[in-house]
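Structural features, examined
Okay, here's what each chain looks like letter by letter:
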Amino acid sequence: MSEDFTIRDRVAIAGIGETTYYRRGAAPVSEFELTLEAILKAVEDAGLAATDIDGFASYSNDRNDPSRLATALGIKDLAFSNMFWGGGGGGGSGAVANAAAAIVAGYAEVVVVYRGLAQGQFGRFGQAAPLKHVSWPMSYTAPYGLLSPAQTFAMRANRFMYEHGVKQDALAAIAMASYHHAQSNPRAVMYGRPLSREDYDNSRWIVEPFHLFDCCQENDGAAAVILTSAARARDLKQKPAYILAASQGSDFRQSAPAHNAPDYPSSNFKTVAKRLYAMAGVGPDEVDVAQVYENFTGGVMMSIVEHGFCKPDEVNEFCTFETLTAPNGKLPINTSGGNLAECYMHGLELITEAVRQVRGTSTCQVPDVNISLVASGPMVSPVSDLILRA
Amino acid sequence: MTAASTTERYLPEGLAIPAASPDGLDTEYWAAVRRHELVVQRCNACRGFQFGPEWICHQCRSLDLAWEQVQTRGRIYSWERVWHPVHPALKNGCPYVVVLVELPQAGNVRMVGNLLGDPMQPIVIGSEVEAVFEDHVEDEVTLVQWRIVN
Ligand SMILES: [Zn+2]
């Protein structure tokens, strides 16, 4: 009975689309036009028409709402519109999962998951809004100058590093892996801008233990992926990336106000990763390549642990440049450059890259990829996970 | 015992001013710190502590919660030194230190504050700290800061 209630292997990502990725403020067109462009590219990649879309899913309070998109695109029948709760990148995989669920449930047949983001045209995530007053829960943090995401999450990372004796080298290796992969990727904003260990060490502190290069970029652009049933995807233009498993959620009281999560030094993936592997029927040893959301390298470090790739006390040995880089590392991560070095598209660019790894078309291709994992969100709540298979 | 207090601000003026929640959830907390008293929510049913406050006890689901005065002592659970200003008021205010302090006498609930003194002082997790009530007279609010206990 229970196997009836799963999305496992029933849906595939059939198309991916991305605009040019820009530095913050450099996009020549509006955020809405960027979003349209990404969607049009994704349907073209799939071999579908825009009018085949009958569902929309997004996350992180995307400003480009499905009704406006469906109206602008001339969609005849808007059958599904969905927003994943929560901020940051926690909903990237979750939006894909919601879209897959809608297809399995029969609500819609072709669902686009999209993210449009022009931080140059709207507010910046890395800056605090100059409010006159703050109340619960920000009243317990903001008056003390704990304002930005970097400041919010450095506190967690520092405690984890204290408990497990993690050295700065682990964070440096995560940043350098992303930058290394971006050097092969012409789409990457940091293409042609390699990062040496010396550059990393010499970069300014944003908030200890995060240097400048431990922090994601701020960008303009848009990305989209097209989902349809596994059966239909097989007859389309691209090799399908089948959704083997997805999960979303949060560990016990991770949103406790004023930094009171009981399991504090955590990326919030413990229960979510467990459910992911249970649905997939595979374990961490079978993962060929992973896209691990980098808001900050400290979150990647804890995500690697909580997805079972190493134990907390093994981070110094595991998180090395050799381990984390394609093609031959034990766990190549963020093979397009990710949020740090390709583009901060709130992690939807990690999902397009996970698809490329399944297709065999990444600019940093890992050989013979069967299992391609995406971890969306670390340290926010809720977070979400996705496994694609060839 | 009179708690330590100061009218000297650790951070420059201009950051958002804390206000009690409009729904009344933490009116008593902000009133208590004005009196230089540290209070934590405590459940009348199961006696569990809870912070930040919520309308229900997460341990036993009782809605009967009270505010209990606790000792103004704690220990550093985590910390960070901020170098990059993300608010106009902090342009000349960096670096500064934010600490996360746990209160062993109140179920190890945690509070965020600043660590008073030289921002470049070496900081050791586990160090004993005591609260210093920082009065912002014009704004009619008080912040809870922390200093190392010698
Ligand atoms: Zn209770």
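Keep in mind that this is a model prediction, so the values were computed, not measured.

**What about the coordination of the zinc ion?**
Residues and elements named next belong to chain B. Protein ligation of the zinc ion involves Cys 43 (SG), Cys 46 (SG), Cys 57 (SG) and Cys 60 (SG), the donor distances falling in the range 2.3 to 2.4 Å. Coordination at the zinc ion is tetrahedral, judged from the four donor atoms that bind it and the angles of 103 to 116° they form at the metal. On the basis of relative accessibility, which here comes to 31%, the residue Cys 60 falls in the partly exposed class.

**Overview of the environment of A:Lys274**
All names here are of chain A. Locating Lys 274 in the fold gives a position in helix α8 (residues 270-280). Assessed through its relative accessible area of 65%, Lys 274 is described here as exposed. For the pair Lys 274 and Asp 77, spaced 197 residues apart in sequence, the C-alpha separation works out to 37 Å.

**Some details on the interface of chain B and chain A**
Note on interface size: it is often stated as the accessible area lost on association of the parts. Each partner contributes residues to the interface: chain B has 43 residues there, and chain A has 42 residues. Across the chain B to chain A interface the summed buried area is about 3700 Å²; carbon plus sulfur atoms make up 56%. Taken as a group, B:Glu80, B:Val86 and B:Val112 account for 17% of the area that chain B buries against chain A, more than any other trio of residues on that side. Applying the counting criterion to the chain B and chain A interface returns one salt bridge. Its salt-bridge partner being B:Arg81, residue A:Glu208 comes within 3.0 Å of it at the nearest N-O pair. Taken together, the links from chain B to chain A amount to 25 residue pairs in polar contact (both at pLDDT 80 or more). Mapped onto the side of chain B that touches chain A, the elements with two or more residues apiece are β2 (17-18), α1 (27-34), β6 (73-82), β7 (96-103), β8 (109-114) and β10 (141-148) of chain B. At six residues, β6(B) tops the list of elements feeding residues into the side of chain B that touches chain A.

**Digging into the sheet that holds strand β4 (residues 49-50) of chain B**
Residues and elements named next belong to chain B. Taken together, three strands build an open sheet; the order of strands is β4-β3-β5 and the sheet is antiparallel. The sheet is open, and its two borders are formed by β4 and β5 (65-69), each paired with just one other strand. In this structure, strand β3 (residues 39-43) lies alongside β4, joined through two bridges in antiparallel fashion. Directly across from Gln 41, in β4, lies its bridge partner Gln 50.

**Some remarks on the side chain of A:Gln254**
Residue and element names in this part refer to chain A. With respect to the secondary-structure elements, Gln 254 resides in the loop between β10 (241-249) and α8. Judged by its relative accessible area of 7%, Gln 254 is buried. Engagement of the side chain of Gln 254 in a polar contact is seen with the side chain of Arg 156, the distance being 2.8 Å. Not counting the four nearest positions on each side in its chain, Gln 254 is found in contact with Arg 156, Ala 261, Asp 263, Ser 266 and Asn 268.

**A closer look at the pairing of strand β9 (residues 219-229) of chain A**
Residues and elements named next belong to chain A. Of all eleven residues making up β9, ten are buried, and the element is well covered by its neighbours. Two strands pair when backbone bridges link them, and strand β1 (residues 11-18) and β9 are joined in this way by seven bridges, in the antiparallel orientation. The residue bridging Gly 15 from the neighbouring strand is Ile 226, located in β9. Taken together, the two bridges between strand β2 (residues 22-23) and β9 define a ladder with antiparallel strand orientation. Looking across to β9, one finds that Tyr 22 is bridged to Asp 220. Pairing analysis gives nine bridges linking strand β5 (residues 110-118) to β9, with the strands arranged antiparallel. If you follow Leu 117 over to β9, its bridge partner there is Gly 221.

**Quick word on the confidence of the model for chain B**
Averaged over all residues, the pLDDT of chain B is 97; the fraction at 70 or higher stands at 99%. Prediction confidence for the complex, expressed as pTM and ipTM, is 0.97 and 0.98 respectively.

Cut-off values and rules
Residues numbered from 1 in each chain as written. Chains lettered and ligands numbered in written order. Predicted model: local features only at pLDDT ≥ 70, side-chain atom pairs only at ≥ 80, totals over all residues. Heavy atoms only, no water. Donors = N, O, S within 2.8 Å, 3.2 Å for Na, K, Ca; no water. Tetrahedral: all angles 85-135°; square planar, octahedral: opposite > 155°, others 65-115°. Buried < 20%, exposed > 50% of the residue type's maximum accessible area, 1.4 Å probe, protein only. Helix = DSSP H or I, 4+ residues; strand = E, 2+ residues; numbered from the N terminus. Contact = heavy atoms within 4.5 Å. Buried area = accessible area lost by both parts, 1.4 Å probe. Salt bridge = Lys/Arg side-chain N within 4 Å of Asp/Glu carboxyl O. Polar contact = N/O pair within 3.5 Å; in protein donor to acceptor, adjacent residues only side chain to side chain. Pairing = 2+ DSSP bridges. pLDDT = per-residue confidence, 0-100.

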